[in-house]
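Overview (structure and organization)
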Amino acid sequence: MPLAAITLAAGLGTRMRSGRAKVLHELAGEPMIFHSLRPLLAVRANPVIVVVGHQAEQVQAVVRGAFDSAGIRFAHQDVQRGTGHAAMCAMDCLPRSFEGQVLITYGDMPRLQPGTISSFMRAHGESGAALSFISVKLDDGGAYGRVVRDDDGQVAAIVEARDATPDQRAIGEINTGVYAASAAFLRSALGAIGSGNAQGEYYLTDLVAIARGRGLMVNAFVAADFSEFAGINSREELAAVNADLRAAINARLMASGVTLIDPATAYIGEQVEIGIDTIIGPNVQILGRSRIGCGVRIDGTAWLSDVVIGDRSHLKIGIRAEQCRIGPDCEVGPFAHLREGTELEGRNRIGNFVETKKARIGWGTKASHLSYLGDASVGRETNVGCGVITVNYDGYEKHRTEIGDRCMVGCDTQLIAPVKVGNDVYVASGTTILRDVPDGCLVMSHHPQREKPGWTANWHQRHKANQPGGDSES
Ligand code: UD1
Ligand code: CA
């Protein structure tokens, strides 16, 4: 049976008190909407229709940037007249020829799991109900819609907390906001929803009473675990769901063989992959599509986004790395900054206060202290001395520096790009490289060293007052 999905994400989320659309607020380093969409794609719903309204352009751009747009469509709800109206806007986007079932979820419910959707859809199919939804039993239903059942125990209606009588408010069974119905039922029933309620909105939840009024069956699929359905309406709920999601990610990683020294300060994205026997120290963020190998050590205080790290590499304290590839057996840091386009081939040493950008560093090459390597390629087994700088920017454009294999680049060397240094070159310390250097050369640009005996005493004599121990002002 073909399955389409609709996720409602047009609301601003007034209770967030934010200038940003609610579904763009982040959980585990990614916009909420990503977490809401992934399970729909995982159960192969096609199309997945996202209803956008508040900041539609931004929401659309963010989603398009992260997902293959093939199965995702956007429906516009310019004025937010309620969840029922939003579903109507979405149905206008679904081809008339679509005959299957439609799953409807809310964009502010990011913990829903694909397995739960599958069980729900199976139960919906087997029940023969025109409409199904997922409910949960709580001690206190709070602001959620209440599930009202008739004397036979059949679902009669969902009543919003705002519209509920005190008796109805006491009901513990609540609507999670996950629905399934045939496209045919939705096409005929959505138009029957009215707006005579506390908020003057078209409530999607009215579909329940509409179905019952037509003598159709409605099935509530009672789920055991509420945590999957916690809707995010405020920053406090955002933080609570974030903590829950983070704990789940960390538990999964630890179960798969990753050591987290302090899970309370390990902030790892849902899409991140980490190999066994990797040890992650305190205060580490690993985000995006990062892939970390086996036996890697990250000592602590690191911000890593979209990085690939090879087996057995060691990141010492204080690393920021983004869109880069660190090969196996590397040693990085402490306090290193690997910017986008950095590629360490393997067995590299990048030491303290080294910054790299768009730099390809060959196997075994080291830059151990205080360097900037930008728009550069460095060969294999080369030693980049302390304080070496690629001078890549002329004020208008960036230029490339190339350094060959097995070079010794002396301390405090500046390479004025564009420039190319061959293989087996020995660069004397303090050299300013202005033009290409052929293979095998010694290159230096110093003034020859001279000594003037007694010069220091004369110098102090000339500045008597400033002599050490003299009567200079301090
Ligand atoms: C809704 C349900 C409630 C349920 C709860 C579960 C209704 C009327 N109520 O209440 O029964 O217990 O979710 O979390 O459906 N949206 C639009 N367009 C609109 C209005 C809302 O796209 O015009 C989107 C919002 O962006 C949000 C979702 O629909 O992602 C839910 O809206 P929200 O206002 O949060 O509904 P609740 O009051 O939480
Ligand atoms: Ca909500």
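See the structure shown above.
For clarity, every value in this text was computed on a predicted model and none was experimentally measured.

What about the environment of asparagine 352?
Relative to the helices and strands, asparagine 352 is located in strand β25 (residues 349-352). It is 7.9 Å that separates the C-alpha atoms of asparagine 352 and valine 332, two residues lying 20 residues apart in sequence. Apart from residues lying up to four places away in sequence, asparagine 352 is in contact with Gly333, Pro334, Phe335, Ser368, His369 and Leu370.

Brief notes about the pairing of strand β8 (residues 146-149)
Bridge count between β8 and strand β9 (residues 155-159): 4 bridges; the pairing is antiparallel. In the sheet register, valine 147 faces β9, and the bridge partner there is isoleucine 158. What sits between the antiparallel neighbours β8 and β9 is a turn of 5 residues, in which glycine 153 has the positive phi angle 85°.

Section: the layout of surface pockets
Taken as a whole, the largest pocket holds about 1,200 Å³ of empty space. Taken together, 38 residues line the largest pocket, and the ones lying closest to its centre are Arg15, Lys22, Thr83, Asp108 and Asn233. If you list the elements that add at least two residues to the lining of the largest pocket, you get β1 (3-9), α3 (83-91) and β10 (173-182). Per-element accounting of the lining of the largest pocket gives the leading share, 3 residues, to β10. Grouping the amino acids of the lining of the largest pocket by side-chain chemistry returns 15 nonpolar, 16 polar and 7 charged.

Description of the coordination of the calcium ion (ligand 2)
Only Asp108 (OD) and Asn233 (OD1) from the protein reach the calcium ion (ligand 2) as donors, at distances of 2.6 Å. In this pair, aspartate 108 is assigned in the loop between β6 (101-106) and α4 (114-127) and asparagine 233 in the loop between β11 (218-223) and α8 (235-255), connecting sequence segments 125 residues apart. Residue asparagine 233 is classed as buried on the basis of its relative accessible area of 17%.

Side note on the state of the cysteines
For the structure shown, the criterion picks out 0 disulfides. You can see cysteine 324 has no disulfide; the closest cysteine sulfur is in cysteine 330, sitting 10 Å from it. Relative accessible area serves as the criterion here: at 1%, cysteine 330 is assigned to the buried category.

Comments concerning the side chain of arginine 146
Looking at the secondary structure, you find arginine 146 in strand β8. One buried charged residue, arginine 146, forms no salt bridge at all, with the nearest opposite charge on aspartate 140 at 4.4 Å. Only 3.3 Å separates the side chain of arginine 146 from the backbone oxygen of glycine 141, close enough to count as a polar contact. Among the polar contacts made by the side chain of arginine 146, one reaches the main-chain carbonyl oxygen of glycine 142 at a distance of 3.0 Å. Dropping the residues within four chain positions of it, arginine 146 is found in contact with Asp140, Gly141, Ala157, Ile158, Val159, Ala161, Gln168, Arg169, Ile171, Glu173 and Ile174.

Observations regarding the site of ligand 1
Near ligand 1 you find 23 residues, and of these Gln77, Gly82, Tyr106, Glu160 and Asn175 are the closest. Contacts to ligand 1 include glycine 82, whose backbone N or O atom sits 2.8 Å from an oxygen atom. At 3.3 Å, a side-chain N or O of asparagine 233 approaches an oxygen atom of ligand 1. Contact with the protein chains hides 90% of the accessible area of ligand 1, taken as 760 Å² for the molecule alone. Elements with a contribution of two residues or more to the shell around ligand 1: β1, α3 and β10. Partitioned by chemical class, the residues of the shell around ligand 1 number 7 nonpolar, 11 polar and 5 charged.

Cut-offs applied
Residues numbered from 1 in each chain as written. Chains lettered and ligands numbered in written order. Predicted model: local features only at pLDDT ≥ 70, side-chain atom pairs only at ≥ 80, totals over all residues. Heavy atoms only, no water. Helix = DSSP H or I, 4+ residues; strand = E, 2+ residues; numbered from the N terminus. Contact = heavy atoms within 4.5 Å. Pairing = 2+ DSSP bridges. 1 Å grid on protein atoms, 1.4 Å probe; cavity = no way out; pocket = protein on both sides within 12 Å on 5 of 7 lines; lining within 4 Å. Points joined across faces, edges and corners; volume = space filled by probe spheres on them. Nonpolar A, V, L, I, M, F, W, Y, C, P; charged D, E, K, R; others polar. Donors = N, O, S within 2.8 Å, 3.2 Å for Na, K, Ca; no water. Buried < 20%, exposed > 50% of the residue type's maximum accessible area, 1.4 Å probe, protein only. Disulfide = S-S within 2.5 Å. Lys, Arg positive; Asp, Glu negative; His and termini not counted. Salt bridge = Lys/Arg side-chain N within 4 Å of Asp/Glu carboxyl O. Polar contact = N/O pair within 3.5 Å; in protein donor to acceptor, adjacent residues only side chain to side chain. Near = heavy atom within 4 Å. Areas by Shrake-Rupley, 256 points an atom, 1.4 Å probe, with all protein chains shown as cover.

By themselves these figures say nothing about function.
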